[in-house]
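So the chains spell out like this:
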Amino acid sequence: MSKRLIGLTGGIATGKTTVTNYLASVYNLPILDADIYAREAVSLGSPTLGVIAQRYGEQILLPDGSLNRQKLGEIIFNSEDERNWVENLIHPDVRDRFLKAIAQSSSQTLVLVVPLLFEAGMTDLVTEIWVVHCSQEQQLQRLIQRNHLNREQARARINSQLSIEEKVAHADVVLDNSSTLEVLLKQVDVARKTTSRD
């Protein structure tokens, strides 16, 4: 039997973590997280971090030699070229980590949390795509609150991703997080019971 590989994505601050935590705690599903793999890819002493430091200089590192994420964020969210360069450097590493984790897992159902599932060209890794979305104003407010950003900074981060409308258009399951938590989780329950497109 082939594995059910759920690709969970959506816009920034739309509620992916809420859905992920629910799937992990209620259904005991293994979670593979692209953000964690991306952090590992640029960990202290990694070749990838060395390449980034070569491009941007010592200012991109913290005193202990690890990546200054805030500094990198300022660069990549204000320049599409730089963002593409960094993503093209990190994504192959993240993909390799996913492939290894999928191969090693004995579970029949896995959840791959990939914020840039479409942008990174990783849709081929999954058997179905779940997109979490909410209204743009809700997304903006949640991001401002969560990351302590101003409106302009929050909008730049939202605009750096593929539009939520495009993501929804390519989804097998759409989870609407514009209402209450209870309403969202009921949608997750229904999606969990449905079979994948494969």
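Here the structure is a predicted model, which is why all the values come from computation and not from measurement.

Draft legend 1. Examining the packing of aromatic side chains more closely. Throughout the structure, instances matching the rule amount to 3 aromatic pairs. Judged by centre distance (5.0 Å) and plane angle (80 degrees), the rings of Tyr37 and Phe98 are edge-to-face. Here Phe98 lies in helix α5 (residues 80-104) and Tyr37 lies in helix α2 (residues 34-41), a separation of 61 residues in the sequence. Considered together, Tyr37 and Phe98 belong to a single accessibility category, that of buried residues. Taken together, a centroid distance of 5.9 Å and an interplanar angle of 85 degrees make the contact between Tyr56 and Trp85 edge-to-face. Residue Tyr56 is located in helix α3 (residues 47-56), and its partner Trp85 is located in helix α5; the two are separated by 29 residues in the primary sequence. Exposure remark for Trp85: the relative accessible area of 24% places this residue in the partly exposed category. If you follow Arg55 out to its NZ or CZ, it ends over the ring of Trp85, 4.3 Å from the centre.

Draft legend 2. Representation of helix α4 (residues 69-76) in the model. Listed as buried for α4 are Leu72, Gly73 and Ile76. Buried residues in α4, looked at end-on, bunch into an arc of 105 degrees, giving them a common side. Buried residues belonging to α4 abut α3 and α5.

Draft legend 3. View of the pattern of salt bridges. Scanning the model with the defined rule gives 8 salt bridges in all. Residue Arg4 is joined to Glu128 by a salt bridge in which the shortest nitrogen-to-oxygen separation is 2.7 Å. Taken together, the positions of Arg4 in strand β1 (residues 4-10) and Glu128 in strand β4 (residues 128-133) put the pair 124 residues apart, joining distant regions of the chain. Accessibility expressed as a relative area gives 11% for Arg4, which makes it buried. Note that Asp124 is salt-bridged to Arg95, the shortest N-O span being 2.9 Å. Of the two residues, Asp124 sits in the loop between β3 (109-113) and β4 while Arg95 sits in helix α5, which places them 29 residues apart along the sequence. Bridged by salt links that share partners, the residues Glu40, Asp93 and Arg97 form one connected network.

Basis of the calculations
- Residues numbered from 1 in each chain as written.
- Predicted model: local features only at pLDDT ≥ 70, side-chain atom pairs only at ≥ 80, totals over all residues.
- Heavy atoms only, no water.
- Phe/Tyr/Trp six-rings, centres within 6.5 Å; stacked < 30°, edge-to-face > 60°.
- Helix = DSSP H or I, 4+ residues; strand = E, 2+ residues; numbered from the N terminus.
- Buried < 20%, exposed > 50% of the residue type's maximum accessible area, 1.4 Å probe, protein only.
- Lys NZ or Arg CZ within 6 Å of the ring centre and 35° of its normal.
- Arc of directions from axis to C-beta.
- Contact = heavy atoms within 4.5 Å.
- Salt bridge = Lys/Arg side-chain N within 4 Å of Asp/Glu carboxyl O.

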